[in-house]
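# Understanding the architecture of this molecule
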Amino acid sequence: QLEDLIEKFELAKSELRELQIQCGWPEVQDMGPDGATAGHQVSGEDLLKAEAYEVAIRGFALPEFNVLYHRNCEATLGGRPTYWSKDGGVFLYWSQAGTGRWQASLAMDPGTGANRFEEARNTLADQHLECVAYQVDGLLWKEFTSSPLGKGSWEDRRLVMERQPEPPSYTIEGLNLHRHLNGTYNRREEQVGGMSTYWS
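Residues numbered from 1 in each chain as written. Predicted model: local features only at pLDDT ≥ 70, side-chain atom pairs only at ≥ 80, totals over all residues. Heavy atoms only, no water.

## Re the nonpolar core
In terms of nonpolar packing, the biggest core is built from 20 residues, with V55, I57, F60, Y83, L92, W141 and M161 touching the most fellow members. Mapped onto this core, the elements with two or more residues apiece are α2 (44–49), β1 (54–58), β4 (90–95) and β5 (101–106). Element by element, the count of residues in this core is highest for β4, at three residues. Excluding its chain neighbours within four sequence positions, the residues that come into contact with L92 are L48, I57, Y69, T82, Y83, W102, Q103, A104 and W141. If you look at the next biggest cluster of nonpolar residues, it comprises 10 residues, including A75, F91, Y93 and A107. (Core = buried A, V, L, I, M, F, W, Y, C linked by side-chain atoms within 4.5 Å. Buried < 20%, exposed > 50% of the residue type's maximum accessible area, 1.4 Å probe, protein only. Helix = DSSP H or I, 4+ residues; strand = E, 2+ residues; numbered from the N terminus. Contact = heavy atoms within 4.5 Å.)

## Some words on the packing of aromatic side chains
Per the counting criterion, the structure on display carries 12 aromatic pairs. On the basis of an interplanar angle of 65 degrees and a centroid distance of 5.1 Å, the ring pair of Y134 and W154 is categorised as edge-to-face. Here W154 lies in strand β8 (residues 152–158) and Y134 lies in strand β6 (residues 133–137), a separation of 20 residues in the sequence. Note on W154: relative accessible area 34%, which makes it partly exposed. Seen from their ring centres, F144 and W154 are 5.3 Å apart, and the 65 degrees between their planes marks the pair as edge-to-face. With a gap of 10 residues between them, F144 in strand β7 (residues 140–146) and W154 in strand β8 connect regions that are remote in the sequence. A relative accessible area of 35% places F144 in the partly exposed class. Ring pairing ties together the aromatic residues W84, F91, Y93 and F117, which thus form one cluster. In this arrangement the basic side chain of R101 is found over the ring face of Y134, its NZ or CZ atom lying 4.1 Å from the centre. In this structure, R188 is placed above the aromatic ring of W199, and the distance from its NZ or CZ to the ring centre is 4.2 Å. (Phe/Tyr/Trp six-rings, centres within 6.5 Å; stacked < 30°, edge-to-face > 60°. Lys NZ or Arg CZ within 6 Å of the ring centre and 35° of its normal.)

## Observations concerning the sheet that holds β6
On the basis of which strands lie adjacent, the open sheet formed by nine strands has the order β8-β7-β6-β5-β4-β3-β2-β1-β9 and antiparallel pairing. Each edge of the open sheet is held by one strand with a lone partner, namely β8 and β9 (160–163). The mean angle between the axes of side-by-side strands here comes to 30 degrees, regardless of whether they run parallel or antiparallel. (Pairing = 2+ DSSP bridges. Axes fitted to C-alpha atoms, helices over the stretch in contact; angles between N-to-C directions.)

## A few points about the pattern of salt bridges
One side chain can pair with another of opposite charge once the charged atoms of both are near each other. Tallying each qualifying case throughout the model produces five salt bridges. In this structure, the salt-bridge partner of E162 is R58, at a minimum N-O distance of 3.9 Å. Here the residue E162 occupies a position in strand β9, and R58 occupies one in strand β1, the gap between them amounting to 104 residues. Judged by its relative accessible area of 45%, R58 is partly exposed. Among the salt bridges present, the one from R116 reaches D109, with a minimum N-O distance of 3.1 Å. (Salt bridge = Lys/Arg side-chain N within 4 Å of Asp/Glu carboxyl O.)

Taken by themselves, the reported measurements are silent on function.
This is the structure in structure tokens:
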């Protein structure tokens, strides 16, 4: 029976590695307990680079950007997952321009209706479209603020970012090689690298 458990464990590791590659998840790195605490405020760069499941942000002048962002591993830019608002109207992405920075953008250009995610994906990093805001250092960002006269300027914003609680369960579907791993996995207290584990 122990041999069966070991075999199942090895199969599960193999499937999880496959999912990791498909989603572009980073290798698990050791993190302090504070970095994994729900709602704990950390450096904006570290929190997004750690690819938190969900991040709540406030501090922008534009209210549509002060929302809860959900990680999207299927829509990557700059080699990292993007973060999207619930309604899909705004998103955050990693730009490799210069030394690299996070940027915030509307999903659609309000004037032309162009898809700004696709524009960013198909544009060289140093020529990325104008974003609404970009990261200067950690939680310090610059946000473009327009005036009634049609002019605008970049204003400093000190953001607040909070990691949200991880979901109580995940459902995995579509595995063909190891179908027995499809199903619902519930979160447990045991952690690996400061991240919760999920069990069938």
